[in-house]
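Each chain, letter by letter, is given below.
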Amino acid sequence: MSSLTWEIAMYVFLAVLAHILVFVFVTRKRAKSIVNKHVVITGGSKGIGLCLAVECALRGANVTVIARDEKMLSGAIALMEVIRQRPEQKFQYRSLDISSSYDQVEKCLTDIEKDFGDIYMLINCAGLAICGVFEEVAVEDARKLMDVNYWGTYNCSRYVLPKMKKAKEGIIVITASQAALFGIYGYGPYAASKYALRAMAETIAMESKHLGVSVTLALPADTNTPGFENEQKTKPQETKIISGGGGLADPDAVAKQILNDALKGNFISILGFESWLITLLGGALFRWSGIFQNIIHAIILGPLRVIGYILHLHFERVVRNCAKEKME
């Protein structure tokens, strides 16, 4: 090929690249405003939920936090008062076990809306983790995981969804986990509850997008929170080795990413390369944002399948090695 032909090919390539970049820039999503909007956050008294409450307060929202511990809830309100953005901005809390019954959740959220107006954004962040080899996790603990992680999220989402559909607007955030993408040693009942949240989010998103309701599925990796500290107490050694390679995410960074993704209407919210890689491997049918991102994923997904196979080989090796140590 002559030098002139190479030069023409280079110009064509640069022109195509420029058009793609312009297209991405023009069509990129802008975050919605939540100034003066009513945002409800479950699990908002600590960890990622508290960081989300603070971030929403900084963005001018009227915030309601829900959890069970009144002392920690009052502390969350005091923290938001310190960073108040507008004199008329409102904060409140409710002590509630969201897994108790739908009727109790309905009554609580109805009272909340009487005080602060209709819920524009629901952030489901309440949850817990109990680890252990499948048959060693107590039946009561397995039920508790499903009650809090799944039914708590179901009850709150079930209440706001028809109201949001009728209003033709609203945002629902469902916080699952990287454990919602594939099962890992020691995460059995916990992962099952998070898989259920993934299915819930995908279903609601498909049923509601055309009616103006946006759904975001948050898939945080291990995050430096009080919940993670409790999780470590029940986590088998194999699980610690397998999940420990990714380090610990900062809850503030996770909260900001979740809120940004939700306000931009992104279905998936992840933070960091490792989470992106695992989410891509475990969620090929997810609704990824933008044609450009989907094309990139289509190109690289095949080769990445080999990496997924290697990851599983590594996990299986960890389990075998730990089994040998227990036998010695």
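Just so you know, these numbers come straight off a predicted model, no measurement behind them.

Engineer: Is there a simple way to explain the environment of E136 in this structure?
Structural biologist: Relative to the helices and strands, E136 resides in the loop between β4 (121-124) and α5 (139-167). Exposure remark for E136: the relative accessible area of 64% places this residue in the exposed category. Considered as a pair, E136 and G186 are 50 residues apart in the sequence and their alpha carbons are 9.5 Å apart.

Engineer: Mind showing me how you'd approach the side chain of S214 here?
Structural biologist: As for its placement among the helices and strands, S214 is situated in strand β6 (residues 213-218). When its relative accessible area of 13% is taken as the criterion, S214 is described as buried. If near-sequence neighbours (up to four positions away) are discounted, S214 is found in contact with G170, I171, I172, A262 and G265.

Engineer: Explain the nonpolar core to me, please; I cannot follow it from the model alone.
Structural biologist: Soluble globular proteins tend to pack their nonpolar side chains together in the buried interior. By size, the foremost hydrophobic cluster in this structure holds 50 residues, and its most contacted members are I119, I174, L217, L219 and F267. Looking at this core, the elements that each hand over two or more residues are α4 (102-116), α5, β5 (170-175), α6 (188-208), β6 and α11 (291-327). Counting residues in each nonpolar core, the second largest holds 30 residues, with I34, V63, F91 and I171 among its members.

Engineer: Would you explain the pattern of salt bridges in this entry?
Structural biologist: On inspection of all chains with the given rule, the structure shows nine salt bridges. R86 is paired through a salt bridge with E88; the nearest N and O atoms lie 3.0 Å apart. With relative accessibility at 14%, the residue R86 sits in the buried group. Between R94 and D115 there is a salt bridge, with the nearest N and O atoms lying 2.8 Å from each other. Within this pair, whereas R94 is found in strand β3 (residues 91-95), its partner D115 is found in helix α4, the two being separated by 21 residues in sequence. Here D115 falls in the partly exposed class, since its relative accessible area comes to 44%.

Engineer: Can you help me understand the sheet that holds β4 in this one?
Structural biologist: Strand order in this open sheet of seven strands is β3-β2-β1-β4-β5-β6-β7, and the pairing throughout is parallel. Because the sheet does not close on itself, it has two edges, and the strands there are β3 and β7 (268-269). In this structure, β4 lies alongside β5, joined through four bridges in parallel fashion. By the bridge assignment for β5, M121 is matched with I171. Contacts from helix α3 (residues 70-82) reach β2 (62-67) and β3, with the element oriented near 170° to β3. Docked against the sheet, α6 engages β5 and β6, running at close to 160° with respect to β6.

Engineer: Even after reading the chapter, I still don't get the UniProt feature "transmembrane region" (unreviewed entry) in the protein chain, so can you show me in this structure?
Structural biologist: Under the present numbering, the feature "transmembrane region" (unreviewed entry) in UniProt falls on residues 6-27, 170-188, 267-288 and 295-315. The span residues 170-188 carries 5% helix and 32% strand; its end-to-end C-alpha distance comes to 33 Å.

Engineer: Sorry, what's going on with the pairing of β5 here?
Structural biologist: Of all six residues in β5, six are buried, a share of seventy percent or more. Alternating positions in β5 separate into two faces, G170, I172 and I174 on one and I171, V173 and T175 on the other, with burial throughout. With respect to chirality, the unit in which β4 leads through α5 into the neighbouring parallel β5 is right-handed. Sheet analysis places β5 next to β6, joined by six bridges and oriented parallel. Residue pairing across strands places V173 opposite T216, the latter belonging to β6. Note on the crossover from β5 through α6 to β6: the handedness is right-handed.

Rules and cut-offs
- Residues numbered from 1 in each chain as written.
- Predicted model: local features only at pLDDT ≥ 70, side-chain atom pairs only at ≥ 80, totals over all residues.
- Heavy atoms only, no water.
- Helix = DSSP H or I, 4+ residues; strand = E, 2+ residues; numbered from the N terminus.
- Buried < 20%, exposed > 50% of the residue type's maximum accessible area, 1.4 Å probe, protein only.
- Contact = heavy atoms within 4.5 Å.
- Core = buried A, V, L, I, M, F, W, Y, C linked by side-chain atoms within 4.5 Å.
- Salt bridge = Lys/Arg side-chain N within 4 Å of Asp/Glu carboxyl O.
- Pairing = 2+ DSSP bridges.
- Axes fitted to C-alpha atoms, helices over the stretch in contact; angles between N-to-C directions.
- UniProt positions renumbered as here; feature names shortened; annotations may be inferred.
- Right-handed = clockwise from strand over helix to strand, strands pointing away.

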